[in-house]
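Each chain is listed here by its residues.
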Amino acid sequence: MATRLIPPGAREDFVSVHGRVRILRAGTGQDGAVPALLVHGGGYDTSAISWFHLFGALGSERPVVAVDLPGFGGSIEAPPVGGPDRMAAVVADVMDALGIEPAVVFGCSMGGDVALHLALARPALVAGLVLVGPGGLTPVVKSRLTHTLAWAATRLPDRIFLPATRLANRFAGAALQRFVHDRDAIPEQVLNEFIAEAKHPRAGIAYGRYNQATIGWRRMRQDVTQHLCRITVPTLIVHGAEDVLVDTADSRRAAGLMPDATLVIVPDCGHWAQLERPEIFLEESRSLLARVDAARR
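Residues numbered from 1 in each chain as written. Predicted model: local features only at pLDDT ≥ 70, side-chain atom pairs only at ≥ 80, totals over all residues. Heavy atoms only, no water.

Undergrad: Teacher, can you tell me more about the sheet that holds strand E5 (residues 103-108) here?
TA: Strand pairing in a sheet is mediated by backbone hydrogen bonds. Such pairs are either parallel or antiparallel. With mixed pairing, eight strands are arranged side by side in an open sheet as E1-E2-E4-E3-E5-E6-E7-E8. Of all the strands in the sheet, the pair left with one neighbour each is strand E1 (11-16) and strand E8 (261-266). With strand direction ignored, the average angle separating the axes of adjacent strands in the sheet is 20°. Bridge analysis of E5 against strand E6 (residues 126-132) gives six bridges, and the strand direction is parallel. Bridging from a neighbouring strand, phenylalanine 106 pairs with valine 130 of E6. (Pairing = 2+ DSSP bridges. Helix = DSSP H or I, 4+ residues; strand = E, 2+ residues; numbered from the N terminus. Axes fitted to C-alpha atoms, helices over the stretch in contact; angles between N-to-C directions.)

Undergrad: I would appreciate a short explanation of helix H10 (residues 248-257) in the present structure.
TA: Residues spaced three or four apart along an α-helix face the same direction, because each turn holds 3.6 residues. Buried within H10 are the following residues: Thr248, Asp250, Ser251, Ala254 and Ala255. All buried residues of H10 lie within an arc of 150° about the axis, which places them on one face of the element. Against strand E7 (235-240) and E8 lie the buried residues of H10. Its side-chain oxygen at 2.9 Å from the backbone nitrogen of alanine 249, aspartate 247 defines the N-terminal cap of H10. (Buried < 20%, exposed > 50% of the residue type's maximum accessible area, 1.4 Å probe, protein only. Arc of directions from axis to C-beta. Contact = heavy atoms within 4.5 Å. Polar contact = N/O pair within 3.5 Å; in protein donor to acceptor, adjacent residues only side chain to side chain.)

Undergrad: What is the right way to look at the nonpolar core in this model?
TA: In a soluble, globular protein the nonpolar side chains are often hidden away together inside. Judged by nonpolar contacts, the single largest core of 47 residues is most densely connected at Leu38, Trp51, Phe55, Phe106 and Trp272. It is helix H12 (residues 278-296) that contributes the most residues to this core, five residues altogether. What phenylalanine 55 contacts, discounting residues up to four positions off in sequence, is Pro7, Pro8, Gly9, Ala10, Leu24, Arg25, Ala26, Leu38, Ser47, Val64 and Ala66. Formed by 43 residues, the second largest nonpolar core is a distinct cluster that contains Val17, Ile23, Ala88 and Val126. (Core = buried A, V, L, I, M, F, W, Y, C linked by side-chain atoms within 4.5 Å.)

Undergrad: How should the pairing of strand E2 (residues 20-26) be read in this particular structure?
TA: Along any regular strand the residues' side chains alternate between the sheet's two faces. Taking burial as the measure, the seven residues of E2 include five buried ones, the bulk of the element. Linking E1 to E2, which pair antiparallel, is a turn of three residues; within it histidine 18 sits at a positive phi near 50°.

Undergrad: What's the story with the pairing of E8 in this structure? I'm lost.
TA: Sheet analysis places E7 next to E8, joined by six bridges and oriented parallel. Paired with glycine 240 across the bridge in E8 is valine 266. Tracing the backbone out of E7, into H10 and back to the parallel element E8 gives a crossover that is right-handed. (Right-handed = clockwise from strand over helix to strand, strands pointing away.)

Undergrad: Teacher, can you tell me more about the layout of surface pockets here?
TA: The space that makes up the largest pocket amounts to roughly 1,500 Å³. As for the largest pocket, its lining consists of 48 residues, and the residues nearest its centre are Val141, Tyr207, Asn211, Ile215 and Leu245. Elements with a minimum of two residues in the lining of the largest pocket: helix H5 (144-154), helix H6 (158-169), helix H9 (205-214) and H10. A per-element tally of the lining of the largest pocket places H9 first, with six residues. Of the residues that constitute the lining of the largest pocket, the class distribution is 24 nonpolar, 18 polar and six charged. (1 Å grid on protein atoms, 1.4 Å probe; cavity = no way out; pocket = protein on both sides within 12 Å on 5 of 7 lines; lining within 4 Å. Points joined across faces, edges and corners; volume = space filled by probe spheres on them. Nonpolar A, V, L, I, M, F, W, Y, C, P; charged D, E, K, R; others polar.)

Undergrad: Explain empty space enclosed by the protein to me, please; I cannot follow it from the model alone.
TA: A water-sized probe rolled over the atoms picks out the places where empty space is left. Enumeration according to the criterion identifies one cavity of 30 Å³ or more in this entry. In the lining of the largest cavity, the residues fall into seven nonpolar, five polar and two charged.

Undergrad: It is not clear to me how the packing of aromatic side chains should be interpreted in this structure. Could you clarify?
TA: By convention here, two paired aromatic rings are described through the distance between centres and the angle between planes. Evaluated as defined, the whole model comprises eight aromatic pairs. Aromatic pair phenylalanine 179 and tryptophan 272: ring centres 4.9 Å apart, planes at 45°, arrangement tilted. You can see phenylalanine 179 sitting in the loop between helix H7 (172-176) and helix H8 (188-198) and its partner tryptophan 272 sitting in the loop between E8 and helix H11 (273-276), a full 93 residues away along the chain. Both residues of the pair, phenylalanine 179 and tryptophan 272, count as buried. Judged by centre distance (5.7 Å) and plane angle (80°), the rings of phenylalanine 194 and tryptophan 272 are edge-to-face. One end of the pair, phenylalanine 194, is in helix H8; the other, tryptophan 272, is in the loop between E8 and H11, and 78 residues separate them in sequence. Residue class for tryptophan 272 comes out buried when judged on its relative accessible area of 1%. Members of the aromatic cluster, joined through ring pairs, are Tyr44, Phe179, Phe194 and Trp272. (Phe/Tyr/Trp six-rings, centres within 6.5 Å; stacked < 30°, edge-to-face > 60°.)

Here you go:
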């Protein structure tokens with residue numbers, strides 16, 4: 001892609017961490033305001049897509065930094081790293097390089113999986129969590145049969161996996177339908193960027209490596225459910241009631257296990273709650289951010 005989307009209020013920068021990693025930034029160091037660190041989802045998602053509304057909305061209140069993970073978006077030329085533990089290590093390195101500590105870490109879907117792993121591995125970096133339909137909270141993919149088929153797909157050798165990924169990229173428009181309940185609620189720039197990302201020759205490879213790292217033969221390798229009791233920071237989990245990609249039961253269970261978690265189920269909303277219902281998402285997020293700011297002061 002010659003030109004990638006830069007959301008209103010954001011500016012582009014790059015950090016040399018595991019290759020050349022793109023970040024989007026907004027805001028400055030307002031007194032007492034904890035930074036917001038944003039991690040996008042999988043597939044063809046990017047920081048500009050997942051967090052389109054947040055830079056303008058939160059940038060006037062606090063520093064906002066979003067990371068395009070290696071192999072995604074503006075970091076697509078950086079080599080993929082695999083599972084959420086390694087992605088979390090990249091995020092930690094970016095935070096260290098920028099001098100960000102601690103932050104409220106936002107994560108959507110796969111990015112929620114990464115945020116949870118970051119909170120467990122580097123708790124000093126995380127002052128709070130905002131998770132949108134987060135991954136990393138289920139033992140199997142849907143049913144046992146579905147899980148076995150998904151596992152078998154991840155075992156394909158690269159001579160089959162890479163052409164199959166490029167073929168799947170051609171159907172990104174159809175895949176998009178599974179992300180949203182109300183397509184008209186998504187900004188047109190975001191929809192166009194999602195389709196454009198899928199056209200890159202390396203699109204989908206990093207997400208494929210993530211799946212290869214996380215889908216085991218009998219169960220998910222990155223399920224952190226049993227460790228959630230260790231995450232004591234204020235946590236907001238936002239989940240669309242009509243999400244067909246991640247089961248709301250995962251978020252309900254997680255909220256019950258975490259010592260300081262609030263669950264918000266958004267009606268008439270799919271997987272991208274922060275994009276479909278930004279007014280609800282921002283209201284709930286600001287409430288958590290204000291609470292974390294007050295505690296840090």
